[in-house]
Protein chains: 2
Amino acid sequence: MSVAAKYYPNEPTEPVIKTAEIPGPASKAGIESLGKVFDSRPVYFIADYEKSLGNFIADVDGNVYLDTYAQIASVPLGYNNPALIEAAKSPEMLRAIIERPALGNFPGKDLEGIIKNVLKVAPEGQDQVWNGLSGADANELAFKAAFMWYQQQKRGNADFTTEENESTMENQAPGSPDLAVLSFKRAFHGRLFASASVTASKPVHKLDLPSFKWPKAEFPSYQYPLEDHVEENKAEDARTLAIVENLIKTWSVPIAALIIEPIQSEGGDNHASAEFFQGLRDITLKHGVVFIVDEVQTGLGATGKLWAHEHFKISPAPDLVTFSKKFQSAGYFFHDPKFVPNVAYRQFNTWCGDPARMILAGAIGKEVLDQGLVAKAAEVGDYLYSELEKVAAKYPTKLQNLRGKNRATFIAWDLESGAARNAFLYKMKQNGVNIGGCAEVSVRLRPTLTFEKKHADLFVKVLNKTLSEL
Amino acid sequence: MSVAAKYYPNEPTEPVIKTAEIPGPASKAGIESLGKVFDSRPVYFIADYEKSLGNFIADVDGNVYLDTYAQIASVPLGYNNPALIEAAKSPEMLRAIIERPALGNFPGKDLEGIIKNVLKVAPEGQDQVWNGLSGADANELAFKAAFMWYQQQKRGNADFTTEENESTMENQAPGSPDLAVLSFKRAFHGRLFASASVTASKPVHKLDLPSFKWPKAEFPSYQYPLEDHVEENKAEDARTLAIVENLIKTWSVPIAALIIEPIQSEGGDNHASAEFFQGLRDITLKHGVVFIVDEVQTGLGATGKLWAHEHFKISPAPDLVTFSKKFQSAGYFFHDPKFVPNVAYRQFNTWCGDPARMILAGAIGKEVLDQGLVAKAAEVGDYLYSELEKVAAKYPTKLQNLRGKNRATFIAWDLESGAARNAFLYKMKQNGVNIGGCAEVSVRLRPTLTFEKKHADLFVKVLNKTLSEL
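Worth saying up front: this structure is predicted, and the values here are computed from it rather than measured. (Residues numbered from 1 in each chain as written. Chains lettered and ligands numbered in written order. Predicted model: local features only at pLDDT ≥ 70, side-chain atom pairs only at ≥ 80, totals over all residues. Heavy atoms only, no water.)

## Some thoughts on the domain arrangement of chain A
As a measure of interface size, the accessible area lost when the parts come together is often cited. Residue and element names in this part refer to chain A. Each domain of chain A was delimited in the assignment, giving domain 1 (3–80 + 373–469) and domain 2 (101–353). For domain 1 and domain 2, the distance between their C-alpha centres works out to 30 Å. Listed as interface residues are 26 residues of domain 1 and, on the opposing side, 23 residues of domain 2. With both sides pooled, the region where domain 1 packs onto domain 2 buries about 2000 Å², and carbon together with sulfur makes up 57% of that total. Linking domain 1 to domain 2 there are two salt bridges. The closest approach of N and O atoms between D269 and R446, which form a salt bridge, is 2.3 Å. (Domains from an automatic or database assignment. Contact = heavy atoms within 4.5 Å. Buried area = accessible area lost by both parts, 1.4 Å probe. Salt bridge = Lys/Arg side-chain N within 4 Å of Asp/Glu carboxyl O.)

Rendered as structure tokens:
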């Protein structure tokens, strides 16, 4: 029996679309009413999570969509998952909700077990974790660990100097040093101030915010299909790696860390080769730069490995690996104790993560492992990709640059324009599939880990219908 | 019947201390074991939250302490509160735990009600809220709203220019403008990068992090007792206000916002007058600077008003008021629609807050209002303060600069040195009271809102015993 069938015996088999327009009238009224207390301009529809099940999301008009967007890539197992319901009803969860400790000062006796469960799905080479609250928070906490280590190695075992202690209170060097994090054009790493400074996918994420003047390297831009452009793409790796090394050598302030997504997701599902990632690892090692991999969107099985960068067999493993979204909790994994700051209270805050979300993450991780969901996602992704190749052959302008082969369901393609892409996304909703875009002209598939062959078939059926109508 | 007696009929009446040292042997073993997966250096003891009740926190050695620190000021009602247990068991909470939506895109039908419940305890003059995840996050989200408005008013109705769109992708002006937030020496507003840039209470919070080179004004330093130094303190207000205005006029980049705590908490429980706060409001209005009040630690009744700045009757009300800690959810309140950015997706992220924590906040707010806990905190605080004045008369070097009169239980004092303060805090634990410090030589009381006369009497009894032993 399929895992989806086990979890969701009553999962719908088809979408149900009852309204001519989306949002329908009940959603529209809800959006207007919600708008009085919340910025509801970006709302697609008002969801009914009681009626959502498995891979299907319901709205208040009675529409039921096959969900391939899954809350911006953040639903791990599907709606109303019985294993997560059980975890949510546990006495441990109840305590975590009502007694949220200052974990760093007064952890409960269950914290060690909670963290160990989170660590059960740590990436290869990592066995420690520091917990945060969102993807942006995770990345910034990782930057803190990186900066503290970077300065500490220069300082050796010496104490902070009086000059450091005094100057940091004025936001000045040497206590508040001028250091940079190197990231990539088209990257997305969050929208707080340091995380926005390494983000460069769309201006709307960043406009009007003061920014750290940190550099952007070029992420490789490959020609597709990859098998027909091996030499060109190899040259692209070399070109972009040279830019990275040159920036590290020449940037006006020291570059303490480099952050990269295994697949640039928000920025257009841009892929790069294992050789490129190993090249980055080599350069960061050579120059003493902390290597941070942002797995916020790519993590927890969606690409057919537990963590997407494991496809690249990077050696040695990255220094820090950040997570959030589908794992429902956030933070960074690491291995080297050097990333625990030398003095207590440097990496610290009142809550140090949310134990409720950490318990849920543990429960999610357990299901992912016990049910073999990563291998299953890889299998269904391979099937879906091959089906999409057929659709692309039939509608070449509507499925350009199909990508994500061997990356499970982490699949994307381009349309001929932003307007065409947006019309496509809307029409797909009208035909019963909730689906998302990324960058300007791309479509991204981000279904749950229980998206199976039957869902893929349904998706392709709706896709063909939609394309025939456009 | 007292609220505490209603909530906690079995609340302990005395601390129980079973171990000679704190942490005791079971805690010590737990700290060592936890240390393999978590930075346990700052842990005081391993708590047993099943056995904690009301104002008493239990540890794994069977010690039970009267808790006047309350998870760094973040327990609203006490441990194992029956109203919060009920909220945590609700179907709405279950859904919020397992179906965490991307609230900006696919809000559930219950979101409007959840937000309205949060708004029921909004500060005077505020009727909107934007939700985040922690105090630091709340402050940085408020900065984003402030910066976006600040630039938008200059831009008028014009679109972003091509130059703005392009330069922000390179972290350069004009798209990423050089703007500053003005804060105060000894302030604490969090430990992410922008929030750390406005924090200046201890170097350990900031060392080695690149910082925005934002200015720090001087927070008033009053002479105590206040009633004996009226003229000096008035002059201090004038002096420090002049510094603020001068910085706004002369700082090298425009100051878009000013952030201040109603009482500087982490930085030593430093108080300032209503006249000082009104002066700030006047200066910010005069210069078009957004006025942000950080109520993360002071908020939700602890000072005898729902929000501490309401003591000052600031007119017009502050622009943005941030919250977290005892409210369990985080974010900022506002009123003026100008703080909703002109374009959708500018103030946005995947989760836009945590509905589980927002539901809990609503339940907490309801209890605070229904049980009249703010007035009760004021009453017990007045009683406690008068008792502490007697203790201070007896032990003048151990209770210097007693402060927090008319601020409910938000009370603090100084000892003669950091070493004396730390010895005092430890001895209090040994005598059964969990209590916290702030700044270098201060002690701060941060009990729950159900800390009543009987708890105050117990506290004073242990305090007298401790002081007699030191």
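## A closer look at the relation of the copies chain A and chain B
Its rotation angle being 180°, the transformation that places chain A on chain B also includes 0.0 Å of axial translation and leaves an RMSD of 0.0 Å. Expressed as an axis order, the relation between the two copies is that of a two-fold axis. A share of 100% of interface residues in chain A that are also interface residues in chain B marks the association as one of identical surfaces. (Least-squares fit on C-alpha atoms with pLDDT ≥ 70 in both.)

## Quick notes on the packing of helix α14 (residues 418–430) of chain B against helix α15 (residues 453–469) of chain B
Residues and elements named next belong to chain B. Relative orientation of the contacting elements α14 and α15 amounts to 125°, with a least axis distance of 10 Å. In terms of their interaxial angle, α14 and α15 are classed as oblique. As α14 packs across α15, the resulting crossing turns out to be right-handed. Residues F424, K427 and M428 of α14 pack against F459, V462, L463, T466, L467 and E469 of α15. For the contact of α14 with α15, the class distribution of residues is six nonpolar, one polar and two charged. (Axes fitted to C-alpha atoms, helices over the stretch in contact; angles between N-to-C directions. Helix = DSSP H or I, 4+ residues; strand = E, 2+ residues; numbered from the N terminus. Parallel < 35°, antiparallel > 145°, perpendicular 65-115°, else oblique. Left-handed = near helix turned anticlockwise from the far one by under 90°. Nonpolar A, V, L, I, M, F, W, Y, C, P; charged D, E, K, R; others polar.)

## Quick look at the packing of aromatic side chains
All told, the structure shown has 55 aromatic pairs over all chains when counted by the stated rule. Relative to F327 of chain A, the ring of W307 of chain A lies with its centre 6.2 Å away and its plane at 85°, an arrangement referred to as edge-to-face. On the criterion of sequence distance, the pair formed by W307 of chain A in the loop between β10 (290–294) and β11 (320–323) and F327 of chain A in the loop between β11 and β12 (330–334) is long-range, its members being 20 residues apart. Overall, the relative accessible area of 1% leaves F327 of chain A in the buried class. A cation sits over an aromatic face here: K429 of chain B above Y44 of chain B, 4.2 Å from the ring centre. (Phe/Tyr/Trp six-rings, centres within 6.5 Å; stacked < 30°, edge-to-face > 60°. Buried < 20%, exposed > 50% of the residue type's maximum accessible area, 1.4 Å probe, protein only. Lys NZ or Arg CZ within 6 Å of the ring centre and 35° of its normal.)

## Concerning the sheet that holds strand β7 (residues 255–260) of chain A
Residues and elements named next belong to chain A. With mixed pairing, the seven strands of this open sheet are ordered in space as β4-β12-β11-β10-β7-β5-β6. Looking at which strands have only one partner, the edges of the open sheet turn out to be β4 (128–132) and β6 (216–217). Taken together, the two bridges between strand β5 (residues 180–184) and β6 define a ladder with parallel strand orientation. Of the residues in β6, the one forming a bridge with F184 is A217. Where helix α11 (residues 274–287) meets the sheet, it contacts β5, β7 and β10, and its direction lies at approximately 165° from that of β7. (Pairing = 2+ DSSP bridges.)

## Some remarks on the packing of helix α5 (residues 91–98) of chain B against helix α12 (residues 355–370) of chain B
All names here are of chain B. Contact geometry for α5 and α12: axes closest at 8 Å, N-to-C directions at 150°. For the element pair α5 / α12, the angle class is roughly antiparallel. When α5 is examined against α12, the residues E92, M93, A96 and I97 are found in contact with a partner set consisting of P355, A356, I359 and L360. Its residues assigned to classes, the contact of α5 with α12 shows seven nonpolar, no polar and one charged.

## Let's talk about the interface of chain A and chain B
On the side of chain B, 121 residues touch chain A, which itself brings 121 residues to the contact. Of the roughly 11100 Å² buried between chain A and chain B on both sides combined, carbon and sulfur atoms contribute 60%. Sorting the residues of chain A by area buried against chain B places F106, N171 and D208 of chain A first, and these three jointly supply 8% of that buried surface. Run the count over chain A and chain B and you get 12 salt bridges. Its salt-bridge partner being D178 of chain A, residue K213 of chain B comes within 3.2 Å of it at the nearest N-O pair. Our count for the chain A to chain B interface comes out at 66 residue pairs in polar contact (both at pLDDT 80 or more). Considered class by class, the residues forming the side of chain A that touches chain B number 63 nonpolar, 28 polar and 30 charged. (Polar contact = N/O pair within 3.5 Å; in protein donor to acceptor, adjacent residues only side chain to side chain.)

## Some remarks on the state of the cysteines
Summed over all chains, the structure comprises zero disulfides over all chains. With no disulfide of its own, C352 of chain A lies 19 Å from the sulfur of C438 of chain B, the closest cysteine sulfur. By relative accessible area, C352 of chain A is classed as buried at 1%. Take C438 of chain B: its relative accessible area is 0%, and that puts it in the buried class. (Disulfide = S-S within 2.5 Å.)

## Overview of unusual backbone geometry
Note that the residue after Y224 of chain A, namely P225 of chain A, is joined by a cis bond; omega there is -10°. Of the consecutive residues S315 of chain B and P316 of chain B, the connecting peptide bond is found in the cis state with omega at -10°. The topology assignment puts P316 of chain B in the loop between β10 (290–294) and β11 (320–323). Although it is not a glycine, D208 of chain A sits at a positive phi angle of roughly 80°.

## Some points on the environment of Q400 of chain A
Residues and elements named next belong to chain A. With respect to the helices and strands, Q400 occurs in strand β13 (residues 400–403). For Q400, a relative accessible area of 27% corresponds to the partly exposed category. Sequence-wise, Q400 and L415 are 15 residues apart; in three dimensions their C-alpha atoms are separated by 6.0 Å. There is a polar contact of 3.0 Å between the side chain of Q400 and the backbone oxygen of T397.

## Remarks on the pattern of salt bridges
In the structure shown here, the tally under the stated rule is 57 salt bridges over all chains. Between K465 of chain A and E469 of chain A there is a salt bridge; the shortest N-O distance is 2.9 Å. Highlighted residues: K465 of chain A and E469 of chain A, both in helix α15 (residues 453–469), separated by four residues, approximately one helical turn. With its nearest N and O atoms 2.7 Å apart, the salt bridge here joins K390 of chain B to E387 of chain B.

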